Amino acid sequence: MAAVADPLFRLACAPGVLAAAPDGWVATMLEQGEVALLVDEGGLDAITALAHELDMVTVPVLRAERTREQQEATVMAYAAAKPLVWIAAAFGEAATQWAHKRGPMTLLVESAGPLSDDERRRVERFAVILGRQAE
């Protein structure tokens, strides 16, 4: 999978969140976006497995932080001025407020494990809306 020259959105999540997605779903989402992974209990093995599944030679990994607040600040910095899909087990008040106040569209999805069908559909709708806005 080749990197998107100018992605419409950024995706931040742990590799385990993308596990069990239907074949091709992640690759399709990343046709217009880019991903940066947060380390989960699967560690480097989970990141490597996802990279192989997506046929990516390199995968951006967000640095690990000591606290949830620091980790959320790192994801917010990664988002920069791009729309963001952020998938995490939970979000703190600062992250929720940031998502509501920022200009670029932001989708927060609470999921501690693989995405459900409904959660995947939410992400798909978000990507479709961004694609239409970019036309």
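Whatever comes next refers back to the structure up there.
Residues numbered from 1 in each chain as written. Predicted model: local features only at pLDDT ≥ 70, side-chain atom pairs only at ≥ 80, totals over all residues. Heavy atoms only, no water.

J.: Looking at this structure, how should I read the packing of aromatic side chains?
T.: Aromatic ring pairs are reported here in terms of the distance separating the ring centres and the angle at which the planes meet. For the structure on display, the rule yields three aromatic pairs. Considering the side-chain rings of W86 and F91, the 5.1 Å spacing of their centres and the 85° angle between planes classify their relative orientation as edge-to-face. Like F91, W86 is buried. Through successive ring pairs, a cluster of aromatic residues spans W86, F91 and W98. Over the aromatic face of Y78 sits the side chain of R10, whose NZ or CZ is 5.2 Å from the ring centroid. (Phe/Tyr/Trp six-rings, centres within 6.5 Å; stacked < 30°, edge-to-face > 60°. Buried < 20%, exposed > 50% of the residue type's maximum accessible area, 1.4 Å probe, protein only. Lys NZ or Arg CZ within 6 Å of the ring centre and 35° of its normal.)

J.: Hey, could you run me through the nonpolar core in this one?
T.: Soluble globular proteins tend to pack their nonpolar side chains together in the buried interior. Within the largest apolar cluster, 28 residues are counted, with the highest numbers of intra-cluster contacts made by L11, W25, V85 and I87. When contributions to this core are tallied by element, the ones reaching two or more residues are β1 (9-13), α1 (15-18), α2 (25-29), β2 (33-37), α3 (43-53), β3 (84-88), β4 (106-110) and α6 (117-134). Considering each element in turn, this core owes the most residues, four residues, to α6. Setting aside chain neighbours within four positions, we find W25 in contact with L18, L115, R120, V123 and E124. One finds L62, M76, Y78 and A95 within the second-largest nonpolar core, a separate group that totals 16 residues. (Core = buried A, V, L, I, M, F, W, Y, C linked by side-chain atoms within 4.5 Å. Helix = DSSP H or I, 4+ residues; strand = E, 2+ residues; numbered from the N terminus. Contact = heavy atoms within 4.5 Å.)

J.: Help me understand the environment of E69, please; the structure alone is not making it clear to me.
T.: With respect to the secondary-structure elements, E69 resides in helix α4 (residues 68-79). The class of E69 is exposed, set by a relative accessible area of 54%. As a C-alpha pair, E69 and E135 span 66 residues in sequence and 36 Å in three-dimensional space.

J.: Before we go on, may I ask you to explain the pattern of salt bridges in this structure?
T.: A full pass over the atoms with the stated rule returns six salt bridges. Here E72 ties to R68 by a salt bridge, and the two come within 3.8 Å at their closest N and O atoms. On the criterion of helical spacing, the pair formed by E72 and R68 is a turn pair, its members being four residues apart in helix α4. Judged by relative accessible area, which is 45%, R68 ranks as partly exposed. The closest approach of N and O atoms between D118 and R121, which form a salt bridge, is 2.3 Å. (Salt bridge = Lys/Arg side-chain N within 4 Å of Asp/Glu carboxyl O.)

J.: Help me out: how do you make sense of the packing of α4 against helix α5 (residues 93-101) in this one?
T.: Each packed pair of helices is defined by two parameters, the angle between the axes and the distance between the axes. Two numbers describe how α4 lies on α5: the axes approach to 10 Å, and their chain directions differ by 20°. In this view, α4 runs roughly parallel relative to α5, as classed from their interaxial angle. Read as a crossing pair, α4 and α5 show a hand that is right-handed. Along its contact with α4, which presents E72, M76 and A79, the element α5 presents A94, A95 and W98. For the contact of α4 with α5, the class distribution of residues is five nonpolar, no polar and one charged. (Axes fitted to C-alpha atoms, helices over the stretch in contact; angles between N-to-C directions. Parallel < 35°, antiparallel > 145°, perpendicular 65-115°, else oblique. Left-handed = near helix turned anticlockwise from the far one by under 90°. Nonpolar A, V, L, I, M, F, W, Y, C, P; charged D, E, K, R; others polar.)

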